[in-house]
Amino acid sequence: MSAFGRYFELTKPRVVALIVFTAIIGMFLAVPAMPPWKPVLFGSLGIWLAASSAAAINHLLDQRIDALMARTAHRPLPTGGLNSRQVLLFAVVLGVLSMAVLVWQVNVLTAVLTFASLIGYAIVYTGFLKRATPQNIVIGGAAGAAPPVLGWAAISNTVDPHALLLFLIIFVWTPPHFWALAIFRRDDYAKALIPMLPVIYGVTYTRWQILYYTILLLLVSLLPWITGMSGLFYLGGAAILGGVFLYYAVRLLNPPDELFAMEVFKYSIWYLMALFAFLLIDHWLLLPTSLLS
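From a predicted model like this one, the values you see are computed outputs, not experimental measurements.

### Overview of helix H13 (residues 203-220)
Consideration 1: The end-to-end C-alpha distance of H13, which contains 18 residues, comes to 25 Å, matching closely the 26 Å that a straight helix rising 1.5 Å per residue would cover.
Consideration 2: Within H13, the full set of buried residues consists of Val 203, Thr 206, Arg 207, Gln 209, Ile 210, Leu 211, Tyr 213, Thr 214, Leu 217 and Val 220.

Following this line, the structure appears as structure tokens:
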């Protein structure tokens, strides 16, 4: 792998792409028309840089356990492709650039919220919660749920209640999303001494927790319609997507094979992307044509 490829892998591009996507949806939902291009462009860049910085710090702090887990043993630090000093410098540069872009081209509120999210994921979750409690992903999920709030703040310079609804959706989505992966990778987590839920309480208990959170997620996903933020188009999409997620969660109680947990994990990613896409399309459907020009 080239040097560029090793550094690019540090940014966890697929995870960060989902983060930036939800942030951009927050930007478009923040105004009753097309948002101005400048905060969209620089807000997206700043949030991407911050998320990439947090991902690099995650690589740095997790290098011991990454070397023990099959899913992560190929990463640049465990393989020796990069050393700790290089990764730390890379993370710091990205973090500083992120704050500079957000303060200079967006607004201070977005910079502060983004920095708090960076610290929450990279330091509080990765450095402490991940190793301290089987509820790590629940508590630490707050940092990962922040992007729509960051995007909304980039446009409006406020923390809007509707943005907090988007935060709540991702916050509730995170446990069933990640616990499905943790079930499949439970032996790796046990080997690395990480107290993930299926390691501490077992697979059956975790499957039921996934079902409970999926039911809660289905209910929470209806809040944008209940509060008048979205219309019937979104309601239909949320109901269908949530119903399919609920099917997967129920099926996971007695799965056909070990790989089914990964099917649930993969669907959860598509679920979140589609749900936020429905939010955006519904938002545009509710706007007068004159505001879209």
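Still to come is the rest of the account.
### Observations regarding the packing of helix H3 (residues 37-61) against helix H7 (residues 108-132)
Consideration 1: For the pair H3 and H7, the least separation of the axes is 9 Å and the interaxial angle reads 20°. Classified by the angle between their axes, H3 and H7 sit roughly parallel to one another. Classified by chirality, the crossing of H7 by H3 is right-handed. Together, Ile 47, Ala 50, Ser 53, Ala 54, Ala 55, Ile 57, Asn 58 and Leu 61 of H3 and Thr 114, Leu 118, Tyr 121, Ala 122, Ile 123, Thr 126, Gly 127, Lys 130 and Arg 131 of H7 make up the contact between the two elements.
Consideration 2: Looking at side-chain class alone, the contact of H3 with H7 contains ten nonpolar, five polar and two charged residues.

### Focus on the side chain of Ser 221
Consideration 1: Positionally, Ser 221 belongs in the loop between H13 and helix H14 (223-226).
Consideration 2: Aside from chain neighbours lying at most four places away, what touches Ser 221 is Ile 169, Tyr 234, Ala 238, Tyr 271 and Leu 275.

### What about the packing of helix H10 (residues 161-184) against helix H16 (residues 260-285)?
Each pair of packed helices gets described by two things: the angle between the helix axes and the distance between those axes.
Consideration 1: For the pair H10 and H16, the least separation of the axes is 7 Å and the interaxial angle reads 165°. In terms of orientation, H10 and H16 fall into the roughly antiparallel class. The interaxial crossing formed by H10 with H16 has left-handed handedness. Residue-level contacts link Leu 166, Ile 169, Ile 170, Trp 173, His 177, Ala 180, Leu 181, Ile 183 and Phe 184 of H10 to Ala 261, Met 262, Val 264, Phe 265, Ser 268, Ile 269, Tyr 271, Leu 272, Leu 275, Phe 276 and Leu 279 of H16.
Consideration 2: Its residues placed into classes, the contact of H10 with H16 shows 18 nonpolar, two polar and no charged.

### A word on the packing of aromatic side chains
Consideration 1: Throughout the structure, instances matching the rule amount to 15 aromatic pairs.
Consideration 2: Between Phe 4 and Phe 8, the aromatic rings sit 5.8 Å apart at their centres with planes inclined by 10°, giving stacked as the arrangement. With Phe 4 and Phe 8 both in helix H1 (residues 3-10), this residue pair falls four residues apart, about one helical turn.
Consideration 3: Look at Tyr 121 and Tyr 125: their rings are 5.8 Å apart centre to centre, the planes differ by 20°, and that puts the pair in the stacked class. Here Tyr 121 and its partner Tyr 125 are both found in helix H7, four residues apart, which amounts to about one turn of the helix.
Consideration 4: Residue class for Tyr 121 comes out partly exposed when judged on its relative accessible area of 25%.
Consideration 5: A residue is classified by how much of its surface remains accessible, and Tyr 125, at 5% relative accessible area, is buried.

### Re the environment of Ala 163
Consideration 1: Position of Ala 163 among the secondary structure elements: in helix H10.
Consideration 2: When its relative accessible area of 0% is taken as the criterion, Ala 163 is described as buried.
Consideration 3: Between the C-alpha atom of Ala 163 and that of Leu 218, which follows or precedes it by 55 residues, the distance is 18 Å.
Consideration 4: With sequence-adjacent residues up to four places away left out, Ala 163 is seen in contact with Val 149 and Trp 152.

About the criteria used
- Residues numbered from 1 in each chain as written.
- Predicted model: local features only at pLDDT ≥ 70, side-chain atom pairs only at ≥ 80, totals over all residues.
- Heavy atoms only, no water.
- Helix = DSSP H or I, 4+ residues; strand = E, 2+ residues; numbered from the N terminus.
- Expected span 1.5 Å × (residues − 1).
- Buried < 20%, exposed > 50% of the residue type's maximum accessible area, 1.4 Å probe, protein only.
- Axes fitted to C-alpha atoms, helices over the stretch in contact; angles between N-to-C directions.
- Parallel < 35°, antiparallel > 145°, perpendicular 65-115°, else oblique.
- Left-handed = near helix turned anticlockwise from the far one by under 90°.
- Contact = heavy atoms within 4.5 Å.
- Nonpolar A, V, L, I, M, F, W, Y, C, P; charged D, E, K, R; others polar.
- Phe/Tyr/Trp six-rings, centres within 6.5 Å; stacked < 30°, edge-to-face > 60°.

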